[in-house]
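# Structural features, examined
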Amino acid sequence: MMPSGPLPRACWTSFISLLLVCCLLPPGTQGQELQLRVEPQNPVVPAGESLLVNCSTDCPSAGLIFLETSLLKESVGRGLGWAAFQLSNVTGDTQLLCSGFCNGSQMIGFSNITVYRFPERVELAPLPHWQPMGENLTLRCMVSGGAPRDHLTVVLLRVEKEVGRQPAGDGEPAEVTVTVLASRDDHGANFSCRTELDLRSQGLALFQNSSAPRKLRTFAMPMTPPRLVVPRFSEVETSWPVDCTLDGLFPASEAQVQLALGDQMLNATVVSHDDTLTATATAKAEQESTQEIVCNVTLGGESRVTRENVKAYSFQGPNLTLKEPNATEGTTVTVTCAAGPRVRVTLDGVPAAAPGQPAHLQLNATAKDDRRTFFCNATLEVHGVILHRNRSDQLRVLCRNPIAITIVLGVLTILGLVIFAAALVCVFGVQKRRDIYHVRQSSTWLPLAPQQPDEAVAVELS
């Protein structure tokens, strides 16, 4: 039966050689042919190499010996019962057929050449930029070239640990895939693939070729959104803190965080600890409005977003004004409590007529009003919340007779000057008495004189 499809070149060569042998055999000798020895027998050689082939027989009367092959050959020697041939550029598997005659009978011998070559390319397909933890990861290795394929195996590796192996198969290029479950421990691990050409059964060795490693990055992103902490209300032109936190994030240190107030990006300080990421910033509204604060955390191409509204309000005042803060008894004093728009004020418990309008109070100052404190209270409603602010001031009331006060002040001033002068005299007097006096010592010799009556002596002394 003839083959239904095209045969490889080596198979055609063997088929034609056998056909020629059968045709050349004399009648009655087919199936009884003598054998020639072909050396080396079934060699395995690297692609492109040369091979020396020797055909020999023990027949003492052997004729010429021939070598049938599709390869380039050159006769390098022959003798009685042997012939040697040099084969060049052996690039593919083929069969050698040696033939000759012994006593009119044809002799034949076979040898199969197996060519091996290392893969031209061993490459691990690019890994995902980020691989979710807990999901399957497909490792794909492409191999171009390499023979013989039935001795070629592809191994997938995590660092140096084998995670799978498969035969290379006959495809060109060969593609081998292995599926693994990505885990936290795989973050930062190198994956690669390796080919193993095992020719140890042919007396050679195990030849390995490895691809360049590729680093895997795994991540975990929680389904819950970040916790965004901001005040419900904020006064215009007043800074307030923004705090955004997300737990269960891995690796937290490689996540990106954006904090924004409306269209304005905030300058955030980001800190990661274990699987928690925290971003803080300060924000300030410049006008009355409801503005949106956004916290956006991104990792591995996934994002988690939280939005909160902040009501920016303007609370002007209150301002408490005493027209005469130092009033004379009997003088009319006007007290005013005022604030900004939409602010309701109350002056000493008396409310203004409407929000945004001032409250007034008039009184005739009396001695009892001296050091009286007035209270101005302002309230502003912001989204159902009442905000309060207070101011206070004190009134001073003088005695009705200013002349008497002037006289008293004058007397006190003069009295003070007298006391001051007396103090100066006292100080200088003490200093004078403390000066040093020098006493001149009299002579110890006394002249003799007649005794005088006591009275005369007393007058003299006086």
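Summarised in this report is the structure supplied together with it. (Residues numbered from 1 in each chain as written. Predicted model: local features only at pLDDT ≥ 70, side-chain atom pairs only at ≥ 80, totals over all residues. Heavy atoms only, no water.)

## With respect to the overall build of the protein
Inclusion rule: Only DSSP runs of H or I covering at least 4 residues are called helices, and only runs of E covering at least 2 are called strands; the numbering of each starts at the N terminus. Residue burial is assigned from relative accessible area. The probe radius is 1.4 Å, only protein chains are included, and a residue is buried under 20% of its type maximum, exposed over 50%, and partly exposed in between. Two residues qualify as a contact provided that any one of their heavy atoms is within 4.5 Å of a heavy atom in the partner residue. To be clear on the numbers: accessible area is Shrake-Rupley with a 1.4 Å probe, and residue cover counts the displayed protein chains and nothing else.
Secondary structure assignment for the protein yields 3 helices and 35 strands. Counting only residues that meet the buried cut, the protein has 35% of its 462 residues in that class. Considering only contacts within the protein whose residues lie at least 6 apart along the sequence, 61% involve residues at least 24 apart. Carbon and sulfur atoms form 55% of the exposed surface of the protein, whose accessible area is close to 28,300 Å².

## With respect to the sheet that holds strand β34 (residues 372–382)
Worth spelling out the cut-off: By this definition, two strands are paired if DSSP reports at least two bridges between them.
Strand order in the open sheet formed by 5 strands is β29-β35-β34-β31-β32, with mixed pairing between adjacent strands. Looking at the sheet topology across the chains shown, the edges are occupied by β29 (326–328) and β32 (350–351). Relative to β32, strand β31 (residues 344–347) runs antiparallel, the two sharing 2 bridges. Bridge pairing in β32 places L347 opposite V350.

## Quick word on the state of the cysteines
To be explicit about the condition: Note on terminology: disulfide denotes any pair of cysteine sulfur atoms within 2.5 Å.
Summed over all chains, the structure comprises 5 disulfides. Here C59 engages in a disulfide with C102; their sulfurs sit 1.7 Å apart. Its S-S torsion of about 80 degrees marks the bond between C59 and C102 as right-handed, since a negative value means left-handed. Residue C59 is located in the loop between β4 (49–56) and β5 (62–68), and its partner C102 is located in strand β8 (residues 94–102); the two are separated by 43 residues in the primary sequence. Summarising the burial analysis for this pair, C59 and C102 share the class buried. One disulfide bridge connects C141 with C193, the sulfur atoms lying 2.2 Å from each other. Its S-S torsion of about 65 degrees marks the bond between C141 and C193 as right-handed, since a negative value means left-handed. Residue C141 is located in strand β11 (residues 136–147), and its partner C193 is located in strand β15 (residues 190–198); the two are separated by 52 residues in the primary sequence.

## Some words on the sheet that holds β4
The line we're drawing: For helices, the axis comes from a line fit to the C-alpha atoms of the stretch in contact; other axes are also lines fit to C-alpha atoms, and the angle between any two N-to-C directions lies between 0 and 180 degrees.
Strand order in the open sheet formed by 4 strands is β2-β4-β7-β6, with antiparallel pairing between adjacent strands. The sheet is open, and its two edges are formed by β2 (37–39) and β6 (72–79), each paired on a single side. Neighbour-to-neighbour, the strand axes of this sheet turn through a mean angle of 20 degrees, independent of strand direction. Direction of pairing for β6 relative to strand β7 (residues 82–90): antiparallel, over a ladder of 7 bridges. If you follow K73 over to β7, its bridge partner there is L87.

## So, the pattern of salt bridges
Under the convention used in this document: Note on definitions: salt bridges are taken to be side-chain nitrogens of Lys or Arg within 4 Å of carboxyl oxygens of Asp or Glu.
Under the definition given, this model contains 21 salt bridges. In this structure, K284 and E237 form a salt bridge, with 3.9 Å as the shortest nitrogen-oxygen distance. Of the two residues, K284 sits in the loop between β25 (276–283) and β26 (289–299) while E237 sits in the loop between β20 (233–235) and β21 (240–246), which places them 47 residues apart along the sequence. In this structure K284 comes out as partly exposed when scored by relative accessible area, which is 37%. A salt bridge links R372 to D369, with the shortest nitrogen-to-oxygen separation between them at 3.7 Å. Using a relative accessible area of 31% as the deciding quantity, one classes R372 as partly exposed. It is possible to trace a salt-bridge network through shared partners that takes in E162, R165, R194 and E196.

## Digging into the packing of aromatic side chains
Applied cut-off: Pairing of aromatic side chains requires ring centres within 6.5 Å, counting the rings of Phe and Tyr and the six-membered ring of Trp. Pairs whose planes differ by under 30 degrees are stacked, by over 60 edge-to-face, and all others tilted. Here, a charge over a ring is recorded when the distance from Lys NZ or Arg CZ to the ring centre is within 6 Å and its angle to the ring normal is within 35 degrees.
Under the criterion given, the structure shown has 4 aromatic pairs. Measuring from centroid to centroid gives 6.0 Å for W130 and F219, while their planes differ by 85 degrees, and the two rings are edge-to-face. Of this pair, W130 sits in the loop between β9 (105–124) and β10 (131–132) while F219 is found in strand β18 (residues 218–219), placing the two residues 89 residues apart along the sequence. A residue is classified by how much of its surface remains accessible, and W130, at 13% relative accessible area, is buried. An aromatic cluster is built from Y116, F118 and F207, whose rings are joined through pairwise contacts. Directly above the aromatic system of W130 lies the positively charged group of R217, at a separation of 4.1 Å from the ring centroid. Here R389 stacks its cationic end above the ring of F315, 4.6 Å away from the centre of that ring.

## Concerning the environment of E292
Mapping E292 onto the fold places it in strand β26. Spatially, the C-alpha atom of E292 lies 9.1 Å from that of D263, the residues being 29 residues apart in sequence. With near-sequence residues (within four places) excluded, E292 lies in contact with A260, L261, G262, R307, E308 and N309.

## Topic: unusual backbone geometry
Note on backbone geometry: most residues besides glycine have negative phi, and most peptide bonds are trans. Geometrically, the link from A147 to P148 is a cis peptide bond, its omega value of -5 degrees lying close to zero. Looking at the secondary structure, you find P148 in the loop between β11 and β12 (152–158). P251 follows F250 through a cis peptide bond whose omega is -15 degrees. Positioned with a positive phi, D274 is a non-glycine residue whose angle comes to about 55 degrees. For R371, which is not glycine, the phi dihedral falls at a positive 65 degrees.

## Overview of the side chain of Q95
Put simply, the rule reads: By the criterion applied in these results, polar contacts are pairs of N or O atoms within 3.5 Å in which, for protein atoms, one can donate a hydrogen and the other can accept it, and in which residues neighboring in sequence qualify only through two side-chain atoms.
Tracing the backbone shows Q95 in strand β8. Under the relative-accessibility criterion, Q95 is labelled buried at 19%. A polar atom in the side chain of Q95 sits 3.2 Å from the side chain of N112.

## A word on the nonpolar core
Worth spelling out the cut-off: Think of a nonpolar core as a cluster: buried Ala, Val, Leu, Ile, Met, Phe, Trp, Tyr and Cys residues, connected wherever their side-chain atoms sit within 4.5 Å.
With 25 residues, the main nonpolar core has W240, V242, L249, L259, I293 and V297 as its most contacted residues. Of all the elements in the fold, those that place two or more residues in this core are β21, β22 (256–261), β25 and β26. Ranked by size, the runner-up nonpolar core spans 24 residues in total, among them V335, V345, L395 and V397.

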